[in-house]
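Structural description and commentary
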Amino acid sequence: MLLAPTLSCPTVPLSNGLQIPILGLGTSHDGGYSHDAVVYALTECGVRHIDTAKRYGCEEKLGNTIRESGIPRSDLWVTNKLWLGDYGYNAAKKACLDSCSQMGFEYFDLYLMHWPEATQPGCSNRETRADTWRALEELHKEGLCSAIGVSNFLVHHLEELKEDCSVVPHVNQVEYHPFQQPNQLMEYCRQEGIVFEGYSPLAKGQVFNNPTVLQIAQKYRRTPAQICIRWSIQNGVVTIPKSIKKKRIQENCQVFGFQLEESDMAALGSLDDGRHVAWDPTNVE
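Description of the structure in this document. (Residues numbered from 1 in each chain as written. Predicted model: local features only at pLDDT ≥ 70, side-chain atom pairs only at ≥ 80, totals over all residues. Heavy atoms only, no water.)

**Let's talk about the overall build of the protein**
Condition: In DSSP terms, a helix is any run of H or I states spanning at least four residues, a strand is any run of E spanning at least two, and both are numbered starting from the N terminus. As defined in this context, the radius of gyration uses C-alpha atoms, and a globule is described by 2.2 Å times the residue total to the power 0.38. Relative accessibility under 20% of the residue-type maximum defines a buried residue, over 50% an exposed one, and the middle range a partly exposed one, all with a 1.4 Å probe and only protein chains included. Residues count as neighbours in contact if any of their non-hydrogen atoms are within 4.5 Å of one another. Only the protein chains shown count as cover for residues, and the accessible areas themselves come from Shrake-Rupley with a 1.4 Å probe. Under the counting rule used here, the positive set is Lys and Arg, the negative set is Asp and Glu, and His together with the chain ends is not counted. Working definition for charges: the position is that of NZ of Lys, CZ of Arg, CG of Asp or CD of Glu.
Helix and strand content of the protein: ten helices and ten strands. Whereas a compact globule of 285 residues would reach a radius of gyration of roughly 19 Å, the protein reaches 18 Å, a difference of no more than 12%. Out of the 285 residues in the protein, the part that is buried amounts to 56%. In the protein, 76% of the contacts between residues at least 6 apart in sequence involve partners at least 24 apart. As displayed, the protein has an accessible area near 12,600 Å², and 48% of this comes from carbon and sulfur atoms. Here the protein contributes 26 positive and 34 negative side-chain charges, whose respective centroids are spaced 6 Å apart.

Spelled out as structure tokens, the structure:
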């Protein structure tokens, strides 16, 4: 039997000593899941980092697909996320166990609170976040989650969590691409030992028509997608592009054989205009 290839992918150390692959495959709802694409990413492209969430509605399918791929669970980094309808101490613990059961896993490598806003009646967002985070701390202690973190949290959300709880999040996953560069948040995460992870690195396709991106892509004889993923990775950001097309997945993985010059990194860094292509947590208290 031929061994499946493994992508020569650098890792980023978490504060608890674990190593997260700097490149992963994102999945999502609204047509963002494909059995064949995941099998292809794992068996042909050597991807070992998969990102999903309960909200995407594909946990059971994804678990089955991973088993079908033949890649040992221990060789993979799997991230899942807790949706806000399951916030609160008891609900969060149950939801994590349910997600493990749905996927047929004994643990998650990383488990994230998906959004800073809560919907618990009679409780402030801050109180519910703290209550929920305490559940994640226990899940981590019990070994169900090797690492725990948050998604879409801003500095003030992280500061409150730090004051209210004992474990600082290992990861904060937020929108990150040339048009959305939350540098203050990135710097805060660096100072606090929180690994910064970026989703939507291609700004849902908006980078493909940008003249600066196109010019740099031409210079390196790479695609606009490869340029933007390389830029993100070169900035030290754990990056999880999504695709259900085999050709695109392969393309998105071919980002380690070249390096962008400082002038090109700076040119892409100057494209920040504050736009969001996904959720904007700015007004969440």
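**Some details on the layout of surface pockets**
Put simply, the rule reads: Detection works on a 1 Å grid of protein atoms alone, calling trapped sets that fit a 1.4 Å probe cavities and calling open sets with protein on both sides within 12 Å along at least five of seven lines pockets, with lining residues defined by an atom within 4 Å of a point. Grid points are joined across faces, edges and corners, and a volume is the space filled by probe spheres set on the points. Classes in brief: Ala, Val, Leu, Ile, Met, Phe, Trp, Tyr, Cys and Pro nonpolar; Asp, Glu, Lys and Arg charged; the others, Gly included, polar.
In this model, the second largest pocket occupies a volume close to 220 Å³. In this structure, the second largest pocket is lined by 18 residues; those nearest its centre are C9, P21, L23, V47 and R48. In terms of residue count, the dominant contributor to the lining of the second largest pocket is helix α9 (residues 246-253) (three residues). A per-class count over the lining of the second largest pocket returns eleven nonpolar, five polar and two charged.

**A word on the pairing of strand β7 (residues 145-151)**
Rule in force here: Paired strands, in this sense, are two strands between which DSSP finds at least two bridges. Orient the strands so they point away from the viewer; a crossover is then right-handed if the path from the first strand over the helix to the second runs clockwise.
A large share of β7 lies buried, amounting to six of its seven residues. Where strand β6 (residues 108-113) lies against β7, five bridges are found, and the strand directions are parallel. Residue pairing for β7: Y111 is matched across the bridge by I148. Handedness of the β-α-β unit built from β6, helix α4 (residues 125-142) and β7 comes out right-handed. Where β7 lies against strand β8 (residues 171-175), three bridges are found, and the strand directions are parallel. Its bridge partner being in β8, S151 is matched across the sheet by Q173. In the classification by handedness, the crossover that spans β7, the intervening helix α5 (residues 155-164) and the parallel β8 is right-handed.

**Digging into the sheet that holds strand β5 (residues 77-82)**
To keep things clear, this is the line we draw: Note on method: axes are straight lines fitted to C-alpha atoms, helices fitted across the in-contact stretch only, with angles between N-to-C directions ranging 0 to 180 degrees.
The strand order across the open sheet formed by eight strands is β3-β4-β5-β6-β7-β8-β9-β10, and the pairing between neighbours is parallel. The outermost strands of the open sheet, each flanked by one partner alone, are β3 (25-26) and β10 (238-239). As paired strands, β3 and strand β4 (residues 49-51) are joined by two bridges and run parallel to one another. Among the inter-strand pairings, L25 is bridged to a residue of β4, identified as I50. Contacts from helix α3 (residues 89-103) reach β5, β6 and β7, with the element oriented near 135 degrees to β6.

**Quick notes on the nonpolar core**
Selection rule: Residues belong to a common nonpolar core when they are buried Ala, Val, Leu, Ile, Met, Phe, Trp, Tyr or Cys residues joined through side-chain atoms within 4.5 Å.
Counting residues in each nonpolar core, the largest one holds 92 residues, and the members touching the most others are Y111, L136 and L260. Here the element with the most residues in this core is helix α8 (residues 224-234); it accounts for six residues. When residues no more than four places from it in sequence are discounted, the contact partners of Y111 are N80, K81, L82, A92, A95, C96, L136, L139, C145, A147, I148 and G149.

Any link to function would need more than the numbers given here.
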